[in-house]
Amino acid sequence: MEKKKPTRETSSSDDDDEVAAYFDIYVDRKSSDSISHSEDNLSEKLKTEKVGDDHCLRCLQHIGGRGRCCVAHSISHRRDDGHVVDDRAITQKFFCYACKKNYSVIYRRARNGTFTRKMKGAEFCFRGRHTRKPIADDDRRRVISQEVNLHAGPELQQQIDDLALSNQSIQRLNIASDGYYDTKQKPISIEMKFPRLRHLTLIDIPVGNLKLNEVLTPNLEHLELKNIGNECDMEITLPKLRNACIHFWAGPSKVINDMLRVAVNLEVFETYKLWIDKLTFGSNVLHTIDLHRADKLRELLIWAPSLRTLNLQGCMKLDNIQFLRRHQLRRKLPLTFSNKNPLTVQMKHSRVSARAMDTLGKHPRFRLAEDHEAHPETQSAATLLADVGI
């Protein structure tokens, strides 16, 4: 689903540099619908949570007095539904996957030049009575003790450093700006041991150094990087990585391809505006490749026998596509392996060379996404194939 672009209201005076800079960064943002929001079995997580009889099993707080159970919206459960920016306020819209409700964070410009923060819509993911009864596994409106949410601010780096020293059991770490991208935020560094970390989310945070590998984060499976800046010294070599989401990246292509080379268990690779010229995939379980607006991508090499979805929407320079016939991972496929699912390819607003289209057309499972399956403007298979002479 294509996200609506943020709208900017016109004004006779436009001297708000902070708002203007914010708008420039967020224009043409894409919704995070396509990223997998699969959760680990919550009952497995709760096995490691030691909660006393006098604590609520939902918010993990002590039950006493007349206080109510309140659970904030988690960064990992929210979908970014766009922004509205004008000279007076910044409105950031979200949808919460846990409570299935919409909410907005509004920052209004105060007379002294600062911003005042206000919530609109569902203020909490859950607000009600405390409970000592077990919560259903599919009810994500809860606090998980191994999950930590951090927000941009002058103490952010210190908070990350302290977390690495004090909480080695953390399984999910979410770091994001709280409402708008702060260009004054000092780039953070993440190069410390989190031995049990499985999910890492960095959104709208300048990152200067990011090291994720078998020594520091050996169990990391889900990685979400959105708008972290291009001036980042990055190393991502994670054999257990299953789900990778990267938005707005124009750094060295070697960083991404080194990640893909090691990620032999990758299942989903979802990007938006990944500005590199070549990608090489190698995974027996990779079923989804989403390369929306990979404007500079010219060459795509794929070993993915389980592939079912290939999104090339907005890829304007794609010249060469190869489905590799030989790969070192082939020997690890079961002898009875068979994939009879169609390979659905989305090519809306793309410019693909004739030889690349020929490669796609000859794939035994190739099927072009039809209008009713993808987007109303998607060309029919017959029209597109006729255009390239196949």
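Each remark here, short or long, concerns the structure printed above.
Here we summarise the structure given alongside this text. (Residues numbered from 1 in each chain as written. Predicted model: local features only at pLDDT ≥ 70, side-chain atom pairs only at ≥ 80, totals over all residues. Heavy atoms only, no water.)

This part is about the overall build of the protein chain. What the protein chain contains, in helices and strands, is 6 helices and 23 strands. For the protein chain, the proportion of its 390 residues judged to be buried stands at 52%. A separation of at least 24 residues holds for 50% of the contacts in the protein chain among residues at least 6 apart in sequence. (Helix = DSSP H or I, 4+ residues; strand = E, 2+ residues; numbered from the N terminus. Buried < 20%, exposed > 50% of the residue type's maximum accessible area, 1.4 Å probe, protein only. Contact = heavy atoms within 4.5 Å.)

Turning our eyes to something else, we now look at the sheet that holds strand β19 (residues 299–303). Backbone-to-backbone hydrogen bonds pair the strands of a sheet. The strands run either parallel or antiparallel. Pairing in this open sheet of 3 strands is parallel, and the strands run β17-β19-β21 from one edge to the other. The two strands at the open ends of the sheet, each matched to only one other strand, are β17 (278–282) and β21 (320–323). Averaged over all neighbouring strand pairs, the angle between strand axes comes to 5 degrees, with direction disregarded. (Pairing = 2+ DSSP bridges. Axes fitted to C-alpha atoms, helices over the stretch in contact; angles between N-to-C directions.)

The subject of this paragraph is the nonpolar core. Core analysis: the biggest nonpolar cluster contains 66 residues, and Phe269, Leu279, Leu291 and Leu300 have the highest contact counts within it. By size, the runner-up hydrophobic cluster in this structure holds 17 residues, among which are Cys96, Ala98, Ala122 and Cys125. (Core = buried A, V, L, I, M, F, W, Y, C linked by side-chain atoms within 4.5 Å.)

Within the secondary structure, Arg58 is located in the loop between α2 (42–46) and β2 (69–71). Arg58 sits in the buried class, given a relative accessible area of 8%. For Arg58, the side chain forms a polar contact with the side chain of Asp139, separated by 3.2 Å. (Polar contact = N/O pair within 3.5 Å; in protein donor to acceptor, adjacent residues only side chain to side chain.)

Turning our eyes to something else, we now look at a positive patch on the surface. The grouping of Lys93, Arg108, Lys118 and Lys120 at the surface amounts to a positive patch. The exposed category is assigned to Lys118, whose relative accessible area is 53%. (Patch = residues over 30% accessible without salt bridge, like charges linked within 9 Å, V, L, I, M, F, W, Y side chains within 5 Å. Areas by Shrake-Rupley, 256 points an atom, 1.4 Å probe, with all protein chains shown as cover. Salt bridge = Lys/Arg side-chain N within 4 Å of Asp/Glu carboxyl O. Lys, Arg positive; Asp, Glu negative; His and termini not counted. Charge placed at Lys NZ, Arg CZ, Asp CG, Glu CD.)

Inspection of every chain in the model, using the stated rule, returns 14 salt bridges. Note that Asp258 is salt-bridged to Lys254, the shortest N-O span being 2.6 Å. Of this pair, Asp258 and Lys254 both sit in helix α4 (residues 253–262), 4 residues apart, which is roughly one turn of that helix. Within this structure, Arg198, Glu221, Arg242 and Glu267 form a network of salt bridges that share partners.

So, about the pairing of strand β16 (residues 268–274). With 7 of its 7 residues buried, β16 lies for the most part within the structure. Across 6 bridges, the pairing between strand β15 (residues 243–249) and β16 is parallel. In the strand pairing of β16, Ala244 is matched with Phe269. Inspection of the sheet shows β16 paired to strand β18 (residues 288–292) by 5 bridges, in the parallel sense. For Thr271, the partnering residue across the bridge sits in β18 and is Leu291.

Looking now at the pairing of strand β22 (residues 343–346). Along β22, one buried face is formed by Leu343 and Val345 and the opposite face, lined by Thr344 and Gln346, is buried too. Here strand β20 (residues 309–311) pairs with β22 via 3 bridges, running parallel. When the sheet's bridge partners are listed, Leu310 is paired in β22 with Val345. Bridge count between β22 and strand β23 (residues 366–368): 3 bridges; the pairing is parallel. Residue Val345 lies in a different strand from β23, and its bridge partner there is Leu368. Note that the unit made of β22, helix α5 (residues 354–362) and β23 has a crossover that is right-handed. (Right-handed = clockwise from strand over helix to strand, strands pointing away.)

This next bit is on the sheet that holds β15. A sheet is described by the order of its strands in space; here 10 strands give the open sequence β8-β9-β11-β13-β15-β16-β18-β20-β22-β23, paired in parallel fashion. One side of each edge strand has no neighbouring strand; the edge strands of this open sheet are β8 (147–151) and β23. Strand-to-strand twist across the sheet, computed as the mean angle between neighbouring axes with direction ignored, equals 10 degrees.

A few words now on the packing of aromatic side chains. Tallied over the entire structure, the rule returns 4 aromatic pairs. Ring centres of Phe248 and Tyr272 lie 5.6 Å apart, and the angle between their planes is 90 degrees; on these two criteria the pair is classed as edge-to-face. A residue pair is termed long-range when its members are at least 10 positions apart, and Phe248 in strand β15 and Tyr272 in strand β16 qualify at 24 residues. On the accessibility criterion, Phe248 (10% relative accessible area) is buried. Residues Phe269 and Phe281 carry aromatic rings whose centres are separated by 5.2 Å and whose planes lie at 70 degrees to one another, so their mutual orientation is edge-to-face. Highlighted residues: Phe269 in strand β16 and Phe281 in strand β17, separated in sequence by 12 residues. By the burial criterion, Phe269 is buried, and Phe281 matches it. Seen from the ring of Phe126, Arg58 lies directly overhead, with NZ or CZ sitting 4.1 Å from the centre. (Phe/Tyr/Trp six-rings, centres within 6.5 Å; stacked < 30°, edge-to-face > 60°. Lys NZ or Arg CZ within 6 Å of the ring centre and 35° of its normal.)

All right, on to α4 then. Taking burial as the measure, the 10 residues of α4 include 7 buried ones, the bulk of the element. Buried within α4 are the following residues: Val255, Ile256, Asn257, Asp258, Met259, Leu260 and Val262.

On to the environment of Arg325. Turning to its location among the elements, Arg325 is positioned in the loop between β21 and β22. Taking relative accessible area as the criterion, Arg325 reaches 72% and is therefore assigned exposed. On a C-alpha basis, the gap between Arg325 and Trp303 in space is 7.5 Å, while along the polypeptide they are 22 residues apart. Residues in contact with Arg325, not counting those within four places in the same chain, are Trp303 and Arg330.

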